[in-house]
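Residues per chain, in single letters:
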Amino acid sequence: MEFNFKAIALSYKTASLETREEVALNESQIRNLLAKISEIIGISEALVISTCNRTEIYYSSEQDKSEELVKLMGIVKGMMHISSYLPYFEVINNPQEAVKRLFRVSVGLESQVIGDLQIINQVKNAYQYTADANLAGAFLHRLLHTIFFTNKRIVQETMFRTGAASVSYATVEMIEELAAQLADPKVLVIGLGEIGSDVARNFQNTSIEKIFLMNRTAQKAEDLAKELGYQAIPMEQAHQSIQEADFIVCAVQRNEPFITKELVAQMNILSFKYFFDLSVPRSIEPEIEQVNGALLYNIDMINNRLDETLQRRKEAIPQVEAIVNQSIHEFENWTKEMIVSPVIQKLKNLLEQIRQEELGRYVKQLDAEEVEKIDRITKSMMQKIIKMPVLQLKAACKRGEAESLAEVLSDLFDLEKQAEATRAI
């Protein structure tokens, strides 16, 4: 690959969650970093991806700019000792490896949860920030659109992106399926630790609107509800809220069950009420299913669903990698052709200039109809003359001989001198 494409990458494979949190960038910080990359370092193409599992910068430069980029991150984050984080970053200066890395990250092959559904949208957002900062040139535009097309093929042709692959996502997916038969489903999430909060956030991607949050620390429920546009309910109203909800997700950490058979038996369940116990130890008594209309899903049932999903995704990996490798090969062919495109354009300009000059000698002696005919004939001749050199150049690209053939053509037609003469005019 002829382009100087590079990357620096910190991910869950090289750094702990605490370290990843320290260097993670929000949208405002990413936009600020891109502006500084352009202004201070002078890089013309750059892409910044930052999620809970990774912070990575892809850029085009002849020199390794990894240390400067990490220092700029420190300025944006207000971190005085950002250099101490350098060992956590993987430096990728090989263009082929950097391209391959971005492909694999974008389609979910490098995700902590294989086949992650969210990563492609995060890459699309990163691309938007780059475009807004005018840091996406022809190379990066083509690369990302190729990646997006590749991801579409993976979704359509493989089982790699089907089904949930986390407990929180699987829970929401199951609730969404069950709620399809209800006119106005109500969901109550009790306990907003890591899993409970993830469940709440995953409902953002569904059509279910009535989500209620409850937590032992009321402020945490209020803050998350405000962030997500939900409603917080005090813990004191648990009995009434469970009575009113169609789906109850319980992720409370305690030694004794929070929801008991006795509590559920007191409720007037008219049709069905679905309980999801995501706690270990369990926070819902298994005996609640003895109450008519009460249905319980525990963590083992959800994990069984996850195991099936992950197995399908793992089985699809060879097919996904084949699609990615094919796309990378096609992209590399394009980058090689980009090397000779200036030579092709100069040759076309030279032939067009000759054609126009020759037409100019005789046009005064011809009527309008004759001029039109000759114009069509000479254009057709020029296209046929240029066709073979173009095909030969593209074939030479695939053989890795494009540069030598381009030099021969340039010398043969004196293209550099002709281009300078044209600019002078």
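First, a word on scope: everything that follows refers to the structure included in this document. On a predicted model such as this, the values are computed, not experimentally measured, just so you know.

1. Side note on the nonpolar core
Part 1 of the argument: Counting 35 residues, the largest nonpolar core has Phe5, Leu47, Leu102, Leu143 and Leu144 as the members making the most contacts within it.
Part 2 of the argument: Apart from residues lying up to four places away in sequence, Leu144 is in contact with Leu47, Leu102, Val123 and Tyr127.
Part 3 of the argument: Residues Ile211, Leu224, Ala251 and Leu306 belong to the second largest nonpolar core, which totals 30 residues.

2. Looking at the pairing of strand β6 (residues 210-214)
Part 1 of the argument: Burial analysis of β6 places four of its five residues in the buried class, which makes it a mostly covered element.
Part 2 of the argument: Judged from the five bridges that link them, strand β5 (residues 186-190) and β6 form a sheet pairing that is parallel. Looking across to β6, one finds that Val187 is bridged to Ile211.
Part 3 of the argument: Tracing the backbone out of β5, into helix α8 (residues 194-202) and back to the parallel element β6 gives a crossover that is right-handed.
Part 4 of the argument: In this structure, β6 lies alongside strand β7 (residues 231-232), joined through two bridges in parallel fashion. Counterpart to Phe212 in the pairing with β7 is Gln231.
Part 5 of the argument: For the handedness criterion, the β-α-β arrangement of β6, helix α9 (residues 218-228) and β7 is classed as right-handed.

3. Quick look at the sheet that holds β5
Part 1 of the argument: Taken in spatial order, the six strands of this open sheet run β7-β6-β5-β8-β9-β10, and their pairing is parallel. Strands at the two margins of the open sheet, each flanked by one partner only, are β7 and β10 (294-297).
Part 2 of the argument: Two elements, strand β8 (residues 247-250) and strand β9 (residues 273-277), share four bridges in a ladder whose sense is parallel. Bridged to Val249 within β9 is Phe276.

4. Structural notes on the pattern of salt bridges
Part 1 of the argument: In total, this model carries 17 salt bridges according to the counting rule given.
Part 2 of the argument: Note that Arg104 and Glu110 form a salt bridge whose closest N and O atoms lie 2.8 Å from each other. Take Arg104 and Glu110: they sit in the same class, and that class is buried.
Part 3 of the argument: Across the pair Glu321 and Arg104 runs a salt bridge, and its minimum N-O distance is 3.2 Å. Here Glu321 is found in helix α12 (residues 299-362), whereas its partner Arg104 is found in helix α4 (residues 95-107), with 217 residues between them in sequence.
Part 4 of the argument: The class of Glu321 is partly exposed, set by a relative accessible area of 29%.
Part 5 of the argument: On the basis of relative accessible area, Arg104 is assigned to the buried category, the value being 18%.
Part 6 of the argument: Salt bridges linked by common partners bring Lys13, Arg104, Glu110 and Glu321 together as one network.

About the criteria used
- Residues numbered from 1 in each chain as written.
- Predicted model: local features only at pLDDT ≥ 70, side-chain atom pairs only at ≥ 80, totals over all residues.
- Heavy atoms only, no water.
- Core = buried A, V, L, I, M, F, W, Y, C linked by side-chain atoms within 4.5 Å.
- Buried < 20%, exposed > 50% of the residue type's maximum accessible area, 1.4 Å probe, protein only.
- Contact = heavy atoms within 4.5 Å.
- Helix = DSSP H or I, 4+ residues; strand = E, 2+ residues; numbered from the N terminus.
- Pairing = 2+ DSSP bridges.
- Right-handed = clockwise from strand over helix to strand, strands pointing away.
- Salt bridge = Lys/Arg side-chain N within 4 Å of Asp/Glu carboxyl O.

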